[in-house]
Amino acid sequence: MLELVIFSTLNGVLYGLLLFMLSSGLTLIFSMMGVLNFAHASFYMLGAYFAYTLGMYTGFWPALILAPLLVGALGSLVERFGLRRVHANGHVAELLFTFGLAYVIDELVQMVWGTVAVAYREPSYMREPLFTLFGTDYSIFRGVVILISILMFIALWYLLKKTRVGMMIRAALTHGEMVGHLGHNVPRLFMGVFGFGCALAALAGVIGGPLLATEPGMAATLGPIVFVVVVVGGMGSLQGAFYASLLIGLLQTFFVAIDASLADVFNALGANLDPYGEVGRISLATLAPMTPFILLVLILIFRPRGLMGELEP
Amino acid sequence: MSQDIIAPMQRTKSRTSLRGLVAWVVFAAVLLLLPVFFQGNSTAFTLLNVIGINIVFALSYNMLLGQGGMLSFGHAVFFGLGSYAAMHAMIAIDEASYAGEGFWAHVPVLGMPLVGMIAGGLVALVLGWPFCRRAGTAFAMITLGLGEMVAAAGQMFPSLFGGEAGIYGNRMVGPQWFGLELAQSSDVYWFIAFWTFAGVFAMWAFTRTPLGRMSNAVRDNPDRLQFIGYPPRNVRFMIFIAAGSFGGLAGGMAAVNYEIITPEALGLIPSGLALLMAAVGGLGVFYGPIVGAVVVTLMNSMLSDYTDASILYVGLVFLAIVMFAPRGLGGGIEQVRVAWRDGDLGRRLPGWLSGAVAVGLIIVGLVVLIELAFQATHGSDEFAHVFGVDFDAAGPWGWLTVVVLLVAGGLIKRATNKLREDQA
Amino acid sequence: MLKSFFTLIAASLLLVQTAGAAETVKLALIDPLTGPMAGAGQPALEHLKFEAKRINANGGIAGKQLEIVGLDNKVNPQESLVQLQKAIDGGIQYVTQGNGSSVASALIGAVEKHNQRNPGKEVMYLNYAAVDPSFTNERCSYWHFRFDANADMKMNALTSYIAENKDIKKVYLINQDYSFGHAVSEAAREMLKEKRPDIEIVGNDFHPLAKVKDFTPYISKIQSSGADAVISGNWGQDITLLVKAAAEFGLDAPFYTYYGASSGVVTQLGDKGVDRIYQINEYYGDFEDEEMAKRQVNMYKETGWDFYYLRLSTLLDMFKKAADKAGSTDPVAVAKAMEGLSLETTTGEVVMRAEDHQIQLPMFISVMQDDMEYGAEGTDYNFHKVARIDRDDVTLPTTCRMRRPK
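How each quantity is defined
Residues numbered from 1 in each chain as written. Chains lettered and ligands numbered in written order. Predicted model: local features only at pLDDT ≥ 70, side-chain atom pairs only at ≥ 80, totals over all residues. Heavy atoms only, no water. Helix = DSSP H or I, 4+ residues; strand = E, 2+ residues; numbered from the N terminus. Rg over C-alpha atoms; globule rule 2.2 N^0.38 Å. Buried < 20%, exposed > 50% of the residue type's maximum accessible area, 1.4 Å probe, protein only. Contact = heavy atoms within 4.5 Å. Areas by Shrake-Rupley, 256 points an atom, 1.4 Å probe, with all protein chains shown as cover. 1 Å grid on protein atoms, 1.4 Å probe; cavity = no way out; pocket = protein on both sides within 12 Å on 5 of 7 lines; lining within 4 Å. Points joined across faces, edges and corners; volume = space filled by probe spheres on them. Nonpolar A, V, L, I, M, F, W, Y, C, P; charged D, E, K, R; others polar. Domains from an automatic or database assignment. Buried area = accessible area lost by both parts, 1.4 Å probe. Salt bridge = Lys/Arg side-chain N within 4 Å of Asp/Glu carboxyl O. Polar contact = N/O pair within 3.5 Å; in protein donor to acceptor, adjacent residues only side chain to side chain. Pairing = 2+ DSSP bridges. Axes fitted to C-alpha atoms, helices over the stretch in contact; angles between N-to-C directions. Core = buried A, V, L, I, M, F, W, Y, C linked by side-chain atoms within 4.5 Å.

## Let's talk about the overall build of chain C
Step number 1: Within chain C one finds 13 helices and 15 strands.
Step number 2: In summary, chain C has a C-alpha radius of gyration of 21 Å against a globular reference of 22 Å for 406 residues, a match within 12%.
Step number 3: Across the 406 residues that make up chain C, the buried fraction comes to 67%.
Step number 4: Considering only contacts in chain C between residues 6 or more positions apart, those separated by 24 or more positions represent 72%.
Step number 5: Accessible surface for chain C amounts to roughly 13900 Å². Of this, 50% is attributable to carbon and sulfur atoms.

The following block contains the structure:
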């Protein structure tokens, strides 16, 4: 039992951190520009594929830096020549633009790298166990992923709170027009933030690719969950996104770990549900991947501004 | 250009009722004459039937997005559940007419869309209230969550949804009306045509009701609506129910046409399809989604015969429309129509035509480029076949053609812009 | 505007129709050829095209040249029906499909209804991979022939093998949460109980289809249950991610799978799959027969896809044999000739059982290994034979009451 709890916690935290890396960029973009970027997970996928191709020439570590930079540059271009053009037509048009972009990126990835998954793996020395607990290995790579996520979180916090650019971004989050009136180049700031957000997503892709899988469907499956994190966390709140990511990560892993069905849960609460009926039979493990969406709907009904957000979306 | 894309085209004069009538007569005549064109061609009828279903689906979606300003990612829930209800009813008819008694034995399959409509409306009625508090992103996200949840539930309750294999029925049961046997797709066409016409007319009539007008108000300025005493949430809720009903109507049509329904029909992909059709056709014009449904359905079903990159083309068309023609194809048609009515067409036509030539050249150039790239990366065929011409990705000529086409298109486009500026 | 649409439709239809004029017999593959699932349909299309060349070089189908037509259905049942209609209108009377029981279910119903409503224009449906047992039991159809072992037959073969293996005392079941996954789990529990009552089922998990990105929580559960073996009917990313997570956490229990060798799995797993992932299938990666080995290498060279679907070759060979026997390519005659037909293949004799149109064939358990002479997907890894299960140990009775047309 203890080992289950320990490993579920470790797994939940790891998954949560990966989610946070993905969603932190989206939170910045969303709160500043009001754009819920549907293609955000596609940039995550591009990060993984770029790192795979670059890694064949440079190795894992340089690719870890180069791939996000490339994707970030690509993201800036998308903002400059795509989103900015559409911006004049309102938020719905922007959302539709990113929706179409996700389609196109997914197809282009298939065109370049094929329809089957690619063999993007972590370097072999990282496959060794970092430690072994109750006979279960925990690989070095997983440790590295946690370390990178934490470093990124600290760097992001420093950037936003302690630098001049960070101050501008924070100001633009809440008082975009005022920042413009003060003579700052807000469009350029938008472009930078969009590119930066995409680069963060790509970083998540570089480490998420070997951890999960690098295949053309990787964006489509993770995309909606990232939205959930941003909305549940609350608009404009990185802290909220952080808690939401961890919450979803832990919730999913523990739902899987607990061996109980809906009937067990409800009957423990005093209800009388047939454990072999079609509803009672459903196990919590089955519901695990649905938890983000259940959470999303509940939050939007009962607390629309999210866990830590100040404004309603 | 710098207006919100879902704002309607400005109307200079209000249409006289006679003109409105002409449009409907033409629509009915087209529906009646289509079978003459395609006599004996069942593929055409199959496609027409799909198009009919998608027209109603896309229009019902546009009640939310185009008219009510509510961006939904879960509209397929109503389509799918409507379809399931109709299918269960069809199975009931089958069983009842076997026994020869009971209520269902007297219900014709032709009425199934109504069953779907009621089911869609009821689902929206039950689920909708908490969703309609806000429009915008909150609504988009909550419908996304709803769609994912219902789609997952579809796999979890096999007794209702039939598991992965879905549930299936037979449309040739129950009392036969108007001699329609519904055996062939050409028979089904009359059924689809009737309900398409009825659905389109009802949705158009809806825009003329006070509620329909109010839905535009809640889109444009919910605060003001609140001030004059109509809570926006109530208005949104009613639109939601109406859109759900018509989504269910389309689902009921689909149940009869396909005779099978699977849980996939509830998910994000068909919801995205509705959005795609409505946006390609144009959100601001009533008939926009009709155009969109025709174009997108044909692209979906026919394009993959000619190229492996068909989905890429659909995505690019969508992206191009969002970026360069935010009013969609319907908006373009409307522009021409308005110019023609105002006697302005002669003056503006040269600019439009040369613009169309430019766009055409650029599109052809891009198509050749994509096919060449596809051939270079996949290389199962020796040549990229484009419009009956073979291009060899290994040689320079194909790529040169691309450059020539794109440059020519760009130059004409620039000249066109200048022409239009001079006119203005 | 509308008129130009008509001409567009008319033009596109014309293309489909004129292609049907020559003296050929056409087989349409209705499978995902674009989009995220294209990796499942494309190899089948290439395999059919590759084998069609061999058939045509050997005299074709009843003297006619075989032509393969790919039709993209995006794994959507409704779209599949549109594509079926297109095929029928193009003069195609034979369709094959494999990916997705939902599509198969739609096609069986549609073909049955079409043949009832259009006598004289019959269509035959050759199923190469949709394994829902009901298609050859309660839902059996005269016009449907299955060339793959159904899910229960595979489990029958697999449990026969496990029953022999006395080291296995605890088994963990993990499957996708939909009809197929539930069927696999149920069959495993029933058959193990019958063949090896001493085996304990220590876990029976269902996870949502194609939604789970991180399988580590499931692996922790398997780990702590002390299972000696895992049985899974997972396919696609769900099997890759599952085994990958197991390797990363040092879970050494073997994974007995249905789809361990499907495309992409070997590439992604690499050494993580070696000696860990087993599969039950009608073939294995390294043919002993030299002619087959050569064919396998040639196909990879020519198409870039592996020779994964031996059953597609069997399908075409049986099609040819039935048509040659009937001396006609009319589906009514071919279907009649196909019933009870037997064929000698590289793995032994296979029979198309007349009662339910379910192929009866020997099967193999194989395990992924490194340094193979012929590697899958351009790697050094492939599946190596562990055991052969005879046809009699694979077969299962059927409840089908076939309704034959007069």
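And the narrative resumes.
## Side note on empty space enclosed by the protein
Sizing a probe to match a water molecule and rolling it over the atoms shows the empty space that remains.
Step number 1: The full count for this structure, using the stated rule, is 10 cavities of 30 Å³ or more.
Step number 2: A volume near 100 Å³ is recorded for the largest cavity.
Step number 3: Around the largest cavity sit Tyr-15, Gln-252, Thr-253, Val-256, Ala-288 and Pro-289 of chain A together with Lys-211, Val-212, Lys-213, Asp-214, Pro-217 and Tyr-218 of chain C, which together line it.
Step number 4: Looking at the lining of the largest cavity, the elements with two or more residues in it are helix 9 (238–257) of chain A together with helix 7 (216–225) of chain C.
Step number 5: A total of three residues in the lining of the largest cavity trace back to one element, the largest contributor, which is helix 9 of chain A.
Step number 6: A breakdown of the residues in the lining of the largest cavity according to their chemical character gives seven nonpolar, two polar and three charged.
Step number 7: Of the volumes computed, that of the second largest cavity is approximately 70 Å³.

## Observations concerning the domain arrangement of chain B
Step number 1: Here chain B is partitioned into domain 1 (17–311) and domain 2 (344–423).
Step number 2: Here domain 1 of chain B and domain 2 of chain B have C-alpha centroids that lie 36 Å from each other.

## Some remarks on the interface of chain B and chain C
Step number 1: Of the residues lining the interface, 45 residues belong to chain B; the matching set on chain C comes to 42 residues.
Step number 2: In total, chain B and chain C occlude about 3800 Å² of area from one another, counting both sides; carbon and sulfur atoms represent 60% of this.
Step number 3: Broken down residue by residue, the surface that chain B buries against chain C is led by Thr-43, Glu-164 and Tyr-258 of chain B, which jointly contribute 15%.
Step number 4: There are two salt bridges connecting chain B and chain C.
Step number 5: Salt-bridge contacts for Glu-259 of chain B lead to Arg-117 of chain C; the nearest nitrogen and oxygen are separated by 3.1 Å.
Step number 6: For the pair chain B and chain C, the interface holds 15 residue pairs in polar contact (both at pLDDT 80 or more).

## Comments concerning the environment of Leu-59 of chain B
Residues and elements named next belong to chain B.
Step number 1: Structurally, Leu-59 is set in helix 2 (residues 42–67).
Step number 2: Note on Leu-59: relative accessible area 2%, which makes it buried.
Step number 3: Counting along the chain gives 351 residues from Leu-59 to Gly-410, while the straight-line C-alpha distance between them is 35 Å.
Step number 4: Leu-59 has contacts with Val-200, Met-203, Phe-286, Pro-289 and Ile-290, leaving out every residue within four places of it along the chain.

## Observations regarding the sheet that holds strand 6 (residues 170–176) of chain C
The strands making up a sheet associate through backbone hydrogen bonding, with each pair oriented either parallel or antiparallel.
Residues and elements named next belong to chain C.
Step number 1: Spatial strand order, 7-6-8-9-10-14-15: seven strands in an open sheet with mixed pairing. Unpaired on one side and paired on the other, strand 7 (200–207) and strand 15 (382–389) mark the two borders of the sheet. Going across the sheet, the axis of each strand differs from the next one's by a mean of 25°, ignoring polarity.
Step number 2: By the bridge criterion, three bridges tie strand 9 (residues 255–257) to strand 10 (residues 277–281) in an arrangement that is parallel. Opposite Thr-257, over in strand 10, you have Gln-279 as the bridge partner.
Step number 3: Here helix 7 sits on the sheet and contacts strand 6, strand 7, strand 8 (229–232) and strand 9; the angle it forms with strand 6, its principal contact strand, is near 165°.

## Let's talk about the nonpolar core
Step number 1: Of all hydrophobic cores here, the largest spans 366 residues; its most connected members are Phe-43 of chain A together with Met-338 of chain C.
Step number 2: Tallying contributions element by element places helix 2 of chain B first for this core, with 16 residues.
Step number 3: Not counting the four nearest positions on each side in its chain, Phe-43 of chain A is found in contact with Asn-37, Val-71, Gly-75, Val-78, Leu-101, Ile-105, Phe-194, Cys-198, Ala-201 and Ala-202 of chain A.
Step number 4: If you look at the next biggest cluster of nonpolar residues, it comprises five residues, including Val-368, Leu-372, Phe-391 and Val-402 of chain B.

## Examining the sheet that holds strand 12 (residues 348–352) of chain C
Residues and elements named next belong to chain C.
Step number 1: The three strands are arranged 11-12-13 in an open sheet whose pairing can be described as antiparallel. Edge positions in the sheet fall to strand 11 (342–345) and strand 13 (359–360), since each of these pairs with one other strand and no more.
Step number 2: Sheet topology note: the strand 11/strand 12 ladder contains four bridges and is antiparallel. Residue pairing in the sheet places Thr-345 in a bridge with Gly-348 of strand 12.
Step number 3: Sheet strands in contact with helix 11 (residues 310–326) are strand 11, strand 12 and strand 13, and its direction is about 135° off that of strand 11.

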